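The primary structure of each chain is shown beneath.
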Amino acid sequence: MASGSGVRPPPWLGPWRPARSALRLPGRTVHRRGRAVGGPASRGSSLADSQENGKSINEPLTLNLPQSRKSLWRIPTQMGPGAQKTSESSSTPGNGTTPEECPALADSPTTLTEALQMIHPIPADSWRNLIEQIGLLYQEYRDKSTLQEIETRRQQDAEIQGHEDGSPTGEDTPEEEEEEEEPASPPQRRAVPQICLLSNPHSRFNLWQDLPEIQSSGVLQILQPEEVKLQEAMFELVTSEASYYKSLTLLVSHFVENERMKKILHPSEAHILFSNVQDVLAVSERFLLELEHRMEENIVISDVCDIVYHYAASHFSVYITYVSNQTYQERTYKQLLQEKAAFRELIAQLELDPKCRGLPFSSFLILPFQRITRLKLLVQNILKRVEESSEREGTALEAHRELEMVVKACNEGVRKMSRTEQMISIQKKMEFKIKSVPIISHSRWLLKQGELQQMSGPKTSRTLRTKKLFREIYLFLFNDLLVICRQIPGDKYQVFDSASRGLLRVEELEDQGQTLANVFILRLLENADDREATYMLKASSQSEMKRWMTSLAPNRRTKFVSFTSRLLDCPQVQCVHPYVAQQPDELTLELADILNILEKTEDGWIFGERLHDQERGWFPSSMTEEILNPKIRSQNLKECIRVHKMDDPQRSQNKDRRKLGSRNRQ
């Protein structure tokens, strides 16, 4: 695609206008010449899921671009049994739409291409009014969107399961059985009622297809259901960015630029608390203007992922700077609340303002981190709906890859800040009885720490009855090192053994009676004395034992297989209650996250792998609910594999080597 002078939409999307416009956001006017959008031809959301219309989301889109203006278009239509399923557009465009049924197409041309070219761009004022009328703050939008996503999956799961389980099987109803078997088609999902994401006294719209311009244009009679769902996914990315911009603007105008706030805070305190939020706001504004401009070109959105790619590659580094400051930001905020009464009173007063909708100040501070992670999921949602092997799929894959890099850099920035301080603190508490091991390293971090019971002495039935058999030890497990200690007075730890994490092996003892319940064997293939050592360790619960075994030997086979195995079914859960990790080996969950189950314990813990980023960790099973239908689970895995098919270059290299080896053998 060309850049700088604007990207022309495909000819079927209607006339193209020169890219000079004056777009206005609330309180701002920005003049631009063209679009500086570069890039290659390159959890998530539920809005498009509701537009099922009896079509599977994996069915390929058949609305192809014409080779010339005179080419005929073949449009599959939803007709009754026995009807012709493909129609050639000659005099009536779309799914048999007549001029009487669609007044906007009363003067129907001879080809579908010309019919689509009759659809004019939406006036800029319409989009500006829509953006300005969005009433939900981003926090409200995000909560409603994820809750709707959860409910959509529940209904899909229940409806398909009910269709499979609810068909009559008794001998008393043979006629009903024949009626059920006659269509011989897969079960169709009913459209799920939508939560109005823009619902407020001043906002009229919910979905792209609800816009008056869309309703009156007749385009809904031309586009296939898959394309409508894709339009909804792209529309949500734009409207959610507008909601985010609204919340970010409120953070700056209501809190950052408050005159009393400026007097109370020292410049260094304000810098840590608000970081580069002004830069983040400026990037969000330019990003939203580009998206608005794209939508003004034609009521059928050509693409948004090329714009996302450009901004992720060239401008979203401001998010990394902001999010990396999160540790110091949280600490400074807590310190200010404790030490400055004037700051505490001002924050309480500002939070009570109706503009804040009862939301706390802290929810505004975390907006950039929430948005950059959500944006990646919205691009995933688009990627699931574009045509495979198409130009739009390539653009979406590149945009997703760039966003993943930004999110990863954000996460690493946050972890680096906290890990360094944590390693320094641990180093100060250790006293070495053996040869000293340097703990602090830029490439080392803590995975798990805690107390276990070490079993010692003769292993006879008589000695097993005495509590003297067990002795407390304390383990520090890092990503590359295990340190075994005993706690001593003064909050200190005496180190008596250590080993490289790669030289650890674990084995579970089963059916050994109550005394040996939750006991496992830890083997150090080479310890601090360059010898093999074995420890029999007892945990306080089954989940604690499993968690230690998983952390000590990460390559140990789990009960269920991971996403990387590429199997098309695996036990899955979706998050229905958010959860914040309390230990390094736990996983923070967001609403609507989908996870593969790798391990389960009887006392209510799950070791899972989140599909959208392959992060692993433990979490309480009470925070989730299981996805029971195998078709939904398989669909989730297929979509995940498609989204991440560019993320494993080693896999593709190995595949190429296998192909080359096969040719050589031939």
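Refer to the preceding data block for the structure.
The paragraphs below set out a description of the structure included in this document. (Residues numbered from 1 in each chain as written. Predicted model: local features only at pLDDT ≥ 70, side-chain atom pairs only at ≥ 80, totals over all residues. Heavy atoms only, no water.)

### So, the overall build of the chain
Move 1: If you tally the helices and strands in the chain, you get 19 helices and 17 strands.
Move 2: For the chain, the residues scored as buried account for 50% of the 666 residues in total.
Move 3: Looking at the chain as shown, the accessible area adds up to about 32200 Å², and 49% of this sits on carbon and sulfur atoms. (Helix = DSSP H or I, 4+ residues; strand = E, 2+ residues; numbered from the N terminus. Buried < 20%, exposed > 50% of the residue type's maximum accessible area, 1.4 Å probe, protein only. Areas by Shrake-Rupley, 256 points an atom, 1.4 Å probe, with all protein chains shown as cover.)

### Digging into the packing of aromatic side chains
Move 1: Enumeration over the complete set of coordinates arrives at 14 aromatic pairs.
Move 2: Here F274 and F361 contribute two aromatic rings whose centre-to-centre distance is 6.1 Å and whose plane-to-plane angle is 75°, an arrangement assigned as edge-to-face. Of the two residues, F274 is situated in helix α8 (residues 267-274) and F361 in helix α14 (residues 361-365); the sequence distance between them amounts to 87 residues. Both residues of the pair, F274 and F361, count as buried.
Move 3: Ring centres of Y333 and F361 lie 5.4 Å apart, and the angle between their planes is 65°; on these two criteria the pair is classed as edge-to-face. Here F361 lies in helix α14 and Y333 lies in helix α12 (residues 326-339), a separation of 28 residues in the sequence. Like Y333, the residue F361 is buried in the burial classification. (Phe/Tyr/Trp six-rings, centres within 6.5 Å; stacked < 30°, edge-to-face > 60°.)

### Structural notes on the nonpolar core
Move 1: Counting residues in each nonpolar core, the largest one holds 82 residues, and the members touching the most others are L237 and F316.
Move 2: In terms of residue count, the dominant contributor to this core is helix α6 (residues 225-256) (16 residues).
Move 3: Setting aside residues no more than four positions away along its own chain, L237 makes contact with F287, L291, V304, V308, R371, L375, L378, V379 and I382.
Move 4: Core analysis: the second largest hydrophobic core is formed by 23 residues, V506, L522, Y535 and A539 among them. (Core = buried A, V, L, I, M, F, W, Y, C linked by side-chain atoms within 4.5 Å. Contact = heavy atoms within 4.5 Å.)

### Structural notes on the sheet that holds strand β9 (residues 492-500)
Move 1: Read across the sheet, 8 strands follow the order β5-β9-β8-β7-β6-β12-β11-β10 without closing on themselves; strand pairing throughout is mixed. Strands with a single pairing partner mark the edges of an open sheet, and in this sheet they are β5 (430-432) and β10 (504-508). The mean angle between the axes of side-by-side strands here comes to 40°, regardless of whether they run parallel or antiparallel.
Move 2: For strand β6 (residues 446-455) and strand β12 (residues 533-538), the ladder comprises 3 bridges, and the chain directions are antiparallel. The residue bridging Q453 from the neighbouring strand is K538, located in β12.
Move 3: Its contacts with the sheet put helix α16 (residues 391-429) on β5, β6, β7 (470-478) and β9, and the angle it makes with β5 is roughly 50°. (Pairing = 2+ DSSP bridges. Axes fitted to C-alpha atoms, helices over the stretch in contact; angles between N-to-C directions.)

### Side note on helix α13 (residues 341-351)
Move 1: Listing the buried residues of α13 in full gives F343, L346, I347 and L350. Along α13, the residues classed as buried sweep out an arc of 100° about the axis, all on the same side.
Move 2: Among the structural elements, α6, α7 (259-264), α8, α12 and α14 are those in contact with the buried residues of α13. (Arc of directions from axis to C-beta.)

### Re the pattern of salt bridges
Move 1: Applying the stated rule across the entire model yields 33 salt bridges.
Move 2: Two residues, E149 and R153, come together in a salt bridge whose shortest N-O distance is 2.7 Å. A residue pair is termed a helical-turn pair when its members lie 3 or 4 positions apart in one helix, as E149 and R153 do in helix α3 (residues 138-165) at 4 residues. For the residue pair E149 and R153, the accessibility class agrees, reading buried in each case.
Move 3: Residue R331 pairs with E421 through a salt bridge whose shortest N-O separation is 2.6 Å. Here R331, found in helix α12, pairs with E421, found in helix α16; they are 90 residues apart in sequence, far enough to count as distant. (Salt bridge = Lys/Arg side-chain N within 4 Å of Asp/Glu carboxyl O.)

### A word on the sheet that holds strand β14 (residues 594-600)
Move 1: Taken in spatial order, the 5 strands of this open sheet run β16-β15-β14-β13-β17, and their pairing is antiparallel. Each having just a single partner strand, β16 (616-620) and β17 (624-627) make up the two edges of the open sheet. Strand-to-strand twist across the sheet, computed as the mean angle between neighbouring axes with direction ignored, equals 45°.
Move 2: The sheet contact formed by β14 and strand β15 (residues 605-610) spans 5 bridges and is antiparallel.

### Focus on the packing of helix α9 (residues 277-297) against helix α10 (residues 305-314)
Move 1: The N-to-C vectors of α9 and α10 enclose an angle of 160°; their axes lie 10 Å apart at closest approach. As far as their axial angle goes, α10 and α9 are roughly antiparallel. Where α9 crosses over α10, the two elements pack in a sense that is right-handed. Here α9 contributes V283, R286, F287, E290, L291 and R294 to the contact with α10, which in turn contributes D306, I307, V308 and Y311. (Parallel < 35°, antiparallel > 145°, perpendicular 65-115°, else oblique. Left-handed = near helix turned anticlockwise from the far one by under 90°.)

### A look at the environment of L281
Move 1: Mapped onto the elements of the fold, L281 is located in helix α9.
Move 2: Between the C-alpha atom of L281 and that of P368, which follows or precedes it by 87 residues, the distance is 9.2 Å.

### What to know about the environment of P368
Move 1: Among the structural elements, P368 can be located in helix α15 (residues 367-383).
Move 2: Ignoring any residue separated from it by four or fewer positions in sequence, one finds P368 in contact with Y244, L248, V280, Y319 and Y322.

### Structural notes on unusual backbone geometry
Move 1: You will see that S389, though not glycine, has its phi angle at about 65°, which is positive.
Move 2: In this fold, S389 is placed in the loop between α15 and α16.
Move 3: Residue S389 is classed as exposed on the basis of its relative accessible area of 72%.
Move 4: A positive phi angle, close to 75°, is found at A592, a residue other than glycine.
Move 5: Residue position: A592 is located in the loop between β13 (572-575) and β14.

### As for α15
Move 1: Under the 1.5 Å per step criterion, the end-to-end length of α15 is 24 Å for 17 residues, consistent within 8% with the ideal 24 Å.
Move 2: Within α15, 15 of the 17 residues are buried, which leaves the element mostly enclosed by the surrounding structure. (Expected span 1.5 Å × (residues − 1).)

### A word on the packing of α15 against α16
Move 1: At a minimum axis distance of 9 Å, the contact between α15 and α16 shows a crossing angle of 155°. As summarised for this structure, α15 and α16 are arranged roughly antiparallel, according to the angle between their axes. Judged by the twist between their axes, the crossing of α15 over α16 is left-handed. In this structure, α15 contributes F369, I372, T373, L375, K376, V379, Q380 and L383 to the contact, and α16 contributes E393, A396, L397, A399, H400, L403, E404, V406, V407, C410 and N411.
Move 2: Taken together, the residues of the contact of α15 with α16 break down into 12 nonpolar, 4 polar and 3 charged. (Nonpolar A, V, L, I, M, F, W, Y, C, P; charged D, E, K, R; others polar.)

### Re the environment of E151
Move 1: Within the secondary structure, E151 sits in helix α3.
Move 2: Assessed through its relative accessible area of 31%, E151 is described here as partly exposed.
Move 3: Expressed as a C-alpha distance, the spacing of E151 and V576, which sit 425 residues apart in the sequence, is 9.6 Å.

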